[in-house]
Amino acid sequence: MEPYRIKAVEPLPMTTRAQRETALQRVHYNLFALRADEITIDLLTDSGTGALSAAQWAAGMAGDESYAGSRSFYRFQEVVRELTSYPHILPVHQGRAAERILFSTLLGPGGITLSNTHFDTTRANVELSGGQAVDLPCSQAQDLDSDEPFKGNIDLQRLKDALCGPDASRIAMVIMTLTNNGGGGQPVSMDNLARAAALCREHEVPLFLDAARFAENAWLVTRHEPAYQGVSPREVAEEAFRLADGCLMSAKKDGIVHIGGFLGLRDPALTERCRLLLVATEGFPTYGGLAGRDLDMIAQGLAEVTDPHYLRSRAEAARHLACLARNAGISILEPPGLHAIYLNAGRLLPHIAPHRFPGHALACQLYLEGGIRSVELGSLYLGKEDENGDPVTTAPFELLRLALPRRTYTLSHLNHVGEVLARTAKNRDKIPGYRLVRSSPVLRHFHSELEPLPL
Ligand SMILES: *Cc1c(COP(=O)(O)O)cnc(C)c1O
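Keep in mind the model is a prediction, meaning the values are calculated, not measured.

> How do you make sense of the overall build of the protein when you look at a structure like this?
Helices and strands together make up the secondary structure of the protein, namely 17 helices and 16 strands. In terms of C-alpha radius of gyration, the protein reaches 22 Å, essentially the compact-globule figure of 23 Å for 455 residues. Along the first, second and third principal axes, the C-alpha set of the protein runs to 60 × 55 × 45 Å. Put simply, the protein has 455 residues, and 55% of those count as buried. Residue pairs at least 24 apart in sequence account for 71% of intrachain contacts in the protein once pairs closer than 6 positions are excluded. Of the accessible surface of the protein, which amounts to about 19300 Å², a share of 53% is contributed by carbon and sulfur atoms. Across the protein, the mean location of the 46 positive side-chain charges is 3 Å away from that of the 53 negative side-chain charges.

Written out as structure tokens, the structure is:
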């Protein structure tokens, strides 16, 4: 059960099927363009969509809105230092601001970043800084069905080869993403992280954590890595941060706040250079693009997020939804992580070719059937077409992500999702493919317009 009770409630928007059909036509079958009022259960993302605790609201009321030297900053700094061991903490308005500041400082033209998998904004900021982002996921990540516990790991052999290879002098940093969001929310083992850290030290390349889901990663380590059974998630998280030279953090995930983030650093000279950019583009270093109350809410959220009762119930909710999907006959990316369930839409809808977007087709159907919003991670997101709409590249897998906001939906909401999944799977032959009618050159899934094809 959820280890909390509900003190403030927000009504769910209830719609009829006819209203949803009209809404979907109006937005040209792009779920990003719906109004939130038209959605009953919003599983688009777990970013900034969590519910604050009473203690977080109270901390926010105690926030100090001084421009410089705010009390809130010193509380925030102390909490983050204690968790991470990094002496220098720069607050930013969200994770991608930390990325931009770090990469514009450390990456010159041609600079290379290596990662288990770069998150999409991380890759975009590396490329905007003139760098090149190289993903080195472990080979187990390719098998969606195996229940290997640490599919988020980096491929250590390929990391070693890169660090010794002809481009070694251009490698500016290694980034370990915990959990591996681009790789299906799969965790990284402490063994893998420690070995990656040792390689980085040996080759004098700095190691950074993209720590958006550090607590969820720590929970899965305590469950599945024999050496860490009986260790608390908080201790695992502290050890992970200690292995690195710094971190990029989106507090919208495991900070359980609506906005915020930070950059944690050990190197004082690097900190000085980052601070210059921080002041110029985010704000004075004691608020960095946030209100004082935000800093207090993050500090409190970071104290709550490693609570084993909270993490257990979050893991159980994800496993419950995974069971409902499997019982409906829908394969998922195994094993389920904590922040999302990924449905294998390609396997469920074999009559829809990749360039007819099976993941998107399933997303539209879940909305029509039950007012659920989800997001395609397949050929609409990753693929490309030529000007005639003929496929040039498709994605390796056609997935649909059901993200789980923190502390927001109850198990009975997930049961509703399960019922919708069951009805949808039963009538899968009647789900049409889609055709792009308008596309945009960058991030096309946000802006594109589509239409259903005749069955
Ligand atoms: C969300 C996320 C980011 C970017 O953070 P924002 O707060 O959305 O800017 C970076 N890396 C990972 C792994 C993320 O999940």
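Let us keep going from here.
> Is there a simple way to explain the sheet that holds strand 9 (residues 340–344) in this structure?
Pairing between sheet strands relies on hydrogen bonds along the backbone, with the strands arranged either parallel or antiparallel. Strand order in this open sheet of three strands is 9-14-11, and the pairing throughout is antiparallel. Each of the sheet's edge strands pairs with one partner strand only, and the pair in question is strand 9 and strand 11 (375–377). The mean inter-strand angle of the sheet, taken between neighbouring strand axes irrespective of direction, is 35 degrees. In the sheet, strand 9 pairs with strand 14 (residues 399–403) via five bridges, with the strands oriented antiparallel. Bridge pairing in strand 14 places Y342 opposite R401. Against the sheet, helix 14 (residues 358–370) makes contact with strand 9, strand 11 and strand 14, and its axis sits at roughly 40 degrees relative to strand 14, the strand it touches most.

> Quick question: what am I supposed to make of the side chain of R373 here?
Among the structural elements, R373 can be located in strand 10 (residues 372–373). Given a relative accessible area of 7%, R373 falls into the buried group. Among the polar contacts listed, one links the side chain of R373 to the side chain of D42, at a separation of 2.8 Å. Look past the residues within four positions of R373 in its chain and what remains in contact with it is L31, F32, L34, I39, I41, D42, L43 and L44.

> How should helix 11 (residues 292–304) be read in this particular structure?
Counting along an α-helix, one turn takes 3.6 residues, and residues three or four places apart therefore face a common direction. The first and last C-alpha atoms of helix 11 sit 19 Å apart over 13 residues, in line with the 18 Å expected at 1.5 Å per residue. By the criterion of burial, helix 11 is predominantly enclosed, with 11 of the 13 residues buried. Buried within helix 11 we find G292, D294, L295, D296, M297, I298, A299, Q300, G301, L302 and E304.

What counts, and at which threshold
- Starting afresh in each chain, residues are numbered from 1 along the sequence in its written order.
- The predicted nature of this model means local features are confined to residues of pLDDT at least 70 and side-chain atom pairs, given and counted, to a pLDDT of 80 or more, with totals for whole chains, interfaces and linings taken over all residues.
- Excluding hydrogens and water, the side-chain figures rest on all heavy atoms present in the structure.
- Here a strand is any run of E in DSSP of at least two residues, a helix any run of H or I of at least four, and the numbering for each starts at the N terminus.
- Restricting the calculation to C-alpha atoms gives the radius of gyration, and the globule rule supplies 2.2 Å times the number of residues raised to the power 0.38.
- A 1.4 Å probe rolled over the protein chains alone gives each residue an accessible area, and that area as a share of the maximum for its type sets the label: buried under 20%, exposed over 50%, partly exposed in between.
- Contacts are assigned to residue pairs that have any heavy atoms within 4.5 Å of one another.
- Using a 1.4 Å probe, accessible areas were evaluated by the Shrake-Rupley method; residue-level cover was limited to the displayed protein chains.
- For this count, His and the chain ends are skipped, Lys and Arg are scored as positive, and Asp and Glu as negative.
- By convention, the point assigned to a charge is CZ for Arg, NZ for Lys, CD for Glu and CG for Asp.
- Strands were regarded as paired on the criterion that DSSP finds at least two bridges between them.
- Each axis is a line fitted through C-alpha atoms, and for a helix only the stretch in contact is used; angles between axes span 0 to 180 degrees, taken between their N-to-C directions.
- Within 3.5 Å is the distance limit for a polar contact, defined as a pair of N or O atoms, with the added protein rule that one can donate a hydrogen and the other accept it, and that residues adjacent in sequence qualify only through two side-chain atoms.
- Here, expected helix span is obtained from the residue count minus one, scaled by 1.5 Å.

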